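# Coordinate inspection notes
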2 protein chains.
Amino acid sequence: MLKYEIGTQLKEIRHQAGWSLTRAAKETGVSKAMLGQIERNESSPTMSTLWKISTGFHKPLSLFVDNLLVGVDDDKVRSTHTTFTSHKQGLKAKILFPFDPRFGFEVFAIKLSPEQTHLSEAHDKGVFEHITVVSGQMEVCIKGRWKKLKAGDVLRFTADQSHGYRNMNKTIHAEFHNLIYYS
Amino acid sequence: MLKYEIGTQLKEIRHQAGWSLTRAAKETGVSKAMLGQIERNESSPTMSTLWKISTGFHKPLSLFVDNLLVGVDDDKVRSTHTTFTSHKQGLKAKILFPFDPRFGFEVFAIKLSPEQTHLSEAHDKGVFEHITVVSGQMEVCIKGRWKKLKAGDVLRFTADQSHGYRNMNKTIHAEFHNLIYYS
DNA sequence: TGTATTTGTGCGTTATAGCATACATTGTTT
DNA sequence: AAACAATGTATGCTATAACGCACAAATACA
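Residues numbered from 1 in each chain as written. Chains lettered and ligands numbered in written order. Predicted model: local features only at pLDDT ≥ 70, side-chain atom pairs only at ≥ 80, totals over all residues. Heavy atoms only, no water.

### Examining the sheet that holds strand β4 (residues 116-120) of chain B
The strands making up a sheet associate through hydrogen bonds between their backbones, and the pairing can be parallel or antiparallel. All names here are of chain B. Overall, antiparallel pairing links the 4 strands, which are arranged β4-β9-β6-β7 in an open sheet. The open sheet is flanked by β4 and β7 (145-150), the only strands paired with a single partner. On average, each strand axis in the sheet is tilted by 20° relative to the strand beside it, whichever way the strands run. Two elements, β4 and strand β9 (residues 163-167), share 5 bridges in a ladder whose sense is antiparallel. Bridged to Ser120 within β9 is His163. (Pairing = 2+ DSSP bridges. Helix = DSSP H or I, 4+ residues; strand = E, 2+ residues; numbered from the N terminus. Axes fitted to C-alpha atoms, helices over the stretch in contact; angles between N-to-C directions.)

Right, dumping it as structure tokens:
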């Protein structure tokens, strides 16, 4: 169960060099059996052996680590509108896109019950929140001031400060998306 | 025996985030025991767990892989002028600096016996050889032409072609350094 | 067309990454 | 100072990365 398809990268580099597994094993000091399983994504190499590999190929480590948008395969539809996780009182949140180091952001969908307020702690420097209101209306608090948002409205702010969301309506829920970007 | 000190990097990132090992374990999904040994460079993480770590910290993978010039510690002197390895006929070579993916080059010292010729196969594209003659005199063959070099002379050429070195002198050895850069 | 030789993969064993738990140490509280 | 909570470390166990060897298929060679 590998999220990280480094094997494809290795196979390409090896073929490009015109090396056999035996040759690669000789140059890198890693057994060809292991190199084989790594290429087939059957095994997740340790940093130690990855170092040996990049050394043997006379290539920088980043070459094996970067450009790995190959294994994304999110082209199959995931249904998220059924499962809402993380039930705090009056606030339901579910993950639309979990954080992925290759992209640097994560996206939540959040439902605020009527007359509910949620305060959030400050995040690290370089974190940006992107609010998109889907339905209902809500308010976001930044630097002590509550800003009104209605369906379709968007808002971006630096999240390295305490902030909050609330739904002042007495009957209808508010739903919004929150894209959190980490730089 | 880790060449790759990724632990130091992790420790710094964790401290910078103000997280305890317990907190980090919770966020990343990696046990705090494991995080501990990784930080102490007692364990070389697999790419799989390194992915979990970078995900949990909301940081790109490159942050843990790059900027690792910390563990170089070549400030202790290695004596190389005694041990000459790789004895081909009439050619003695020793490694001054082995290839390191962080730098991208390796350096050899080569001794050519009198009246000796050595031919080398073409390397990959993007490989450069840097010749520095230390003592004696020698000739380097590029594109079929032999170029004369004497002590103190230097020469750089693209190594994606067959080339050769020879010492035409009848009595004295020739010694030169060869820095091979892989781009 | 047999016969080597080289290719990659499968198998059993060993080394080690990874986990859960318990422990010792330090810092906080009342 | 006693009691408490939080820190990072040490311990035993399980999962798996890594190895050496042997095998089957493909390729080269005669």
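### Observations concerning the packing of helix α1 (residues 6-17) of chain B against helix α3 (residues 32-39) of chain B
Residues and elements named next belong to chain B. Between α1 and α3, the shortest axis-to-axis distance is 7 Å and the interhelical angle comes to 120°. Relative to α3, the element α1 is oriented oblique. Mapping the contact onto sequence places Ile6, Gly7, Thr8, Leu10, Lys11 and Arg14 in α1 and Leu35, Ile38 and Glu39 in α3. Looking at the contact of α1 with α3 residue by residue, the classes come out as 4 nonpolar, 2 polar and 3 charged. (Parallel < 35°, antiparallel > 145°, perpendicular 65-115°, else oblique. Contact = heavy atoms within 4.5 Å. Nonpolar A, V, L, I, M, F, W, Y, C, P; charged D, E, K, R; others polar.)

### Thoughts on the interface of chain A and chain B
Accessible area lost when the parts come together is the quantity often used to give the size of an interface. Listed as interface residues are 27 residues of chain A and, on the opposing side, 27 residues of chain B. Buried surface at the junction of chain A and chain B, both sides included, amounts to about 2,500 Å², of which 71% is carbon and sulfur. Broken down residue by residue, the surface that chain A buries against chain B is led by Met47, Trp51 and His58 of chain A, which jointly contribute 31%. Along the contact surface separating chain A from chain B lie 0 salt bridges. (Buried area = accessible area lost by both parts, 1.4 Å probe. Salt bridge = Lys/Arg side-chain N within 4 Å of Asp/Glu carboxyl O.)

### Description of the sheet that holds strand β7 (residues 145-150) of chain A
All names here are of chain A. Strands sit in the order β4-β9-β6-β7 across an open sheet of 4 strands; the sheet is antiparallel. In this open sheet, the two edge strands, each paired with only one partner strand, are β4 (116-120) and β7. Looking at each pair of strands side by side, their axes are set apart by 20° on average, direction ignored.

### Side note on the protein's contact with DNA strand D
In the neighbourhood of DNA strand D, 20 residues make up the surrounding shell, with Ser31, Met34, Thr46 and Thr49 of chain A together with Leu21 of chain B lying closest. Protein-proximal atoms of DNA strand D, defined as those within 4 Å of the protein, fall in sugar or phosphate at a share of 70%. Within the backbone of Leu21 of chain B, a nitrogen or oxygen atom sits 2.8 Å from a phosphate oxygen of DNA strand D. Counting only elements with at least two residues in the surface near DNA strand D, the list comes to α3 (32-39) and α4 (47-56) of chain A together with α3 of chain B. Of the residues forming the surface near DNA strand D, the biggest block, 3 residues, is contributed by α3 of chain A. Partitioned by chemical class, the residues of the surface near DNA strand D number 6 nonpolar, 9 polar and 5 charged. (Near = heavy atom within 4 Å. Polar contact = N/O pair within 3.5 Å; in protein donor to acceptor, adjacent residues only side chain to side chain.)

### Concerning the side chain of Asp100 of chain A
Within the secondary structure, Asp100 of chain A is located in the loop between β2 (91-97) and β3 (105-112). Note on Asp100 of chain A: relative accessible area 13%, which makes it buried. In contact with Asp100 of chain A, not counting residues within four places along its chain, are Phe105 of chain A together with Trp51 of chain B. (Buried < 20%, exposed > 50% of the residue type's maximum accessible area, 1.4 Å probe, protein only.)

### Things to note about the nonpolar core
Membership of the largest hydrophobic core comes to 35 residues, with the highest contact counts inside it found for Met47, Leu50 and Ile53 of chain A together with Met47, Leu50, Ile53 and Phe57 of chain B. Leave out the neighbours within four places in its chain, and Leu50 of chain A touches Ile6, Leu61, Phe64 and Val65 of chain A together with Met47 of chain B. (Core = buried A, V, L, I, M, F, W, Y, C linked by side-chain atoms within 4.5 Å.)

### A short note on unusual backbone geometry
Even without glycine at this site, Lys143 of chain A takes up a positive phi of about 50°. Tracing the sequence through the fold places Lys143 of chain A in the loop between β6 (137-142) and β7. The phi angle at Asn41 of chain B is positive, at roughly 55°, despite the residue not being glycine. Mapped onto the secondary structure, Asn41 of chain B falls in the loop between α3 and α4 (47-56). You can call Asn41 of chain B partly exposed: its relative accessible area is 22%.

### Remarks on α3 of chain B
Residues and elements named next belong to chain B. Where α3 is concerned, the buried positions are Leu35, Gly36, Ile38 and Glu39. With its buried residues spanning 165° around the axis, α3 presents them on a single face. Taken together, the buried residues of α3 touch α1, α2 (21-28) and α4. Once α3 finishes, Asn41 follows within two positions and takes phi at roughly 55°, a positive value. (Arc of directions from axis to C-beta.)

### Quick notes on the pattern of salt bridges
All names here are of chain A. Using the criterion set out here, one finds 17 salt bridges over all chains in the structure. Residue Glu39 is joined to Arg14 by a salt bridge in which the shortest nitrogen-to-oxygen separation is 2.5 Å. Here Glu39, found in helix α3, pairs with Arg14, found in helix α1 (residues 6-17); they are 25 residues apart in sequence, far enough to count as distant. Of the residues examined, Glu39 reaches a relative accessible area of 8% and is grouped as buried. In this structure, Glu27 engages Arg23 in a salt bridge whose closest nitrogen and oxygen atoms are separated by 3.0 Å.

Any functional reading would require information beyond the geometric quantities listed.
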